[in-house]
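Report on the structure
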Amino acid sequence: MTKQPSLYAFPTVNDLASALRAYVIHCQEAGLARHGVFKVAVSGGSLPKTLAQALLPPPASEADTVKWDRWEIFFADERAVPLDHPDSNYGLLKAELLDKLPAEAGQPTVHPIDVEVLDDTQELADRYEQALVKSFAGRDSVRLPIFDLLLLGCGPDGHTCSLFPGHELLRETTAWVAPIEDSPKPPPRRVTLTLPVVNHAVRVAFVATGGSKAEVMKRIFDADGDGLPCALVNEGTGERCSWFVDNDAVVGVGYPRRPFNL
Ligand SMILES: O=C1O[C@H](COP(=O)(O)O)[C@@H](O)[C@H](O)[C@H]1O
């Protein structure tokens, strides 16, 4: 078996979405078999829309069912803004996906940031870490939380979560969640899962669509990754990492695509 990340490229976002659904359900079943819940963290940006396209259609069979009531959803990163602010990743996921879940589907447990402490990003990160500690059974007994799946985006600069190229946060080794006050992409004040947490997940799936991603995809896959955050995740997770992209996002990328199968 290859130790490299899998790159799955699809002609359209629709095709991507159905493969992504199959992959997520596969991870869901593995998580449920392991500990009875499915612990997942999701990004903001363009991801929630594609995720909704993948997961909202009704199941084609029993095996194709998204078991929402068994999901525990965290945020891979979040902006230090109220939950109804246009920049909120929670707000985005809510509008694109959570608000559209059919009532009979059952509702996931969702963990937004604690908006009581928006003025203090260190406290915001600490409280989010505490939420992880609670969910993952205690900081003392667990060195790092192990998410069943991380669903991540890739910015045109190669950032993922709120881990930006060249930023000192990439050297964080202790915290599970860290604050950032100088994000180069607005808004500047955010919190993010750290690289050790991302790299410790059972599986990581990136979703990248559109021609604006093609240049950075060449740097991530064909050059030596340039130390870009997405490339560091590729290196840290190897075969546990899968990329779901449309053909536009990988124009000119030489790295071999794999046929999608589970
Ligand atoms: O700022 C952010 O950007 C990234 C990438 O967004 P995309 O729109 O280029 O997909 C996103 O993954 C992250 O969660 C968000 O906070």
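- Under an unreviewed UniProt entry, the name given to the chain is 6-phosphogluconolactonase, and the organism recorded is Remersonia thermophila.
- Among the UniProt annotations of the chain, the heading Sequence similarities (unreviewed entry) holds the following wording: "Belongs to the glucosamine/galactosamine-6-phosphate isomerase family. 6-phosphogluconolactonase subfamily."

A closer look at the sheet that holds strand E4 (residues 77-79)
- Here we have 3 strands laid out as an open sheet, ordered E4-E8-E7, and antiparallel in their pairing. The sheet is open, and its two edges are formed by E4 and strand E7 (177-180), each paired on a single side. For this sheet the average axis-to-axis angle between neighbouring strands, irrespective of direction, equals 15°.
- Strand direction decides the pairing type here: E7 and strand E8 (residues 190-193), joined by 4 bridges, are antiparallel. The partner of Ile180 across the bridge, within E8, is Arg190.
- Where helix H4 (residues 121-135) meets the sheet, its contacts fall on E7 and E8, and the angle it forms with E7 comes to roughly 160°.

Quick word on the site of the ligand
- Around the ligand sit 16 residues, and of these Gly44, Ser46, Asp77, Arg79 and Lys185 come closest.
- Contacts to the ligand include Asp77, whose side-chain N or O atom sits 2.6 Å from an oxygen atom.
- In this structure, an oxygen atom belonging to the ligand sits 2.9 Å away from a side-chain N or O atom of His159.

Focus on the packing of aromatic side chains
- Under the counting rule described, the total for this entry stands at 16 aromatic pairs.
- Relative to Trp71, the ring of Trp68 has its centre 4.6 Å away and its plane inclined at 45°; by these criteria the two rings are tilted.
- Ring pairing ties together the aromatic residues Tyr8, Phe10, Tyr23, Phe244 and Phe260, which thus form one cluster.
- Lying over the aromatic face of Phe136, Lys39 brings its terminal NZ or CZ to 4.7 Å of the ring centre.

Considerations on the pairing of strand E10 (residues 241-246)
- Most of E10 sits out of view: 6 of its 6 residues are buried.
- In this structure, strand E1 (residues 6-10) lies alongside E10, joined through 5 bridges in parallel fashion. Note that in E10 the partner of Ala9 across the bridge is Val245.
- Direction of pairing for strand E9 (residues 204-208) relative to E10: parallel, over a ladder of 5 bridges. Considered in E10, the bridge of Phe206 is made with Trp243.

What to know about the packing of helix H1 (residues 13-35) against helix H2 (residues 47-55)
- At a minimum axis separation of 8 Å, H1 and H2 run at an interaxial angle of 75°. By the criterion of interaxial angle, the relationship of H1 to H2 is roughly perpendicular. Contacts between H1 and H2 involve Val13, Asn14, Leu16, Ala17, Leu20, Arg21 and Val24 on the former and, on the latter, Thr50, Leu51, Gln53, Ala54 and Leu55.
- The class makeup of the residues in the contact of H1 with H2 is 8 nonpolar, 3 polar and 1 charged.

Criteria and cut-off values
Residues numbered from 1 in each chain as written. Predicted model: local features only at pLDDT ≥ 70, side-chain atom pairs only at ≥ 80, totals over all residues. Heavy atoms only, no water. UniProt positions renumbered as here; feature names shortened; annotations may be inferred. Pairing = 2+ DSSP bridges. Helix = DSSP H or I, 4+ residues; strand = E, 2+ residues; numbered from the N terminus. Axes fitted to C-alpha atoms, helices over the stretch in contact; angles between N-to-C directions. Contact = heavy atoms within 4.5 Å. Near = heavy atom within 4 Å. Polar contact = N/O pair within 3.5 Å; in protein donor to acceptor, adjacent residues only side chain to side chain. Phe/Tyr/Trp six-rings, centres within 6.5 Å; stacked < 30°, edge-to-face > 60°. Lys NZ or Arg CZ within 6 Å of the ring centre and 35° of its normal. Buried < 20%, exposed > 50% of the residue type's maximum accessible area, 1.4 Å probe, protein only. Parallel < 35°, antiparallel > 145°, perpendicular 65-115°, else oblique. Nonpolar A, V, L, I, M, F, W, Y, C, P; charged D, E, K, R; others polar.

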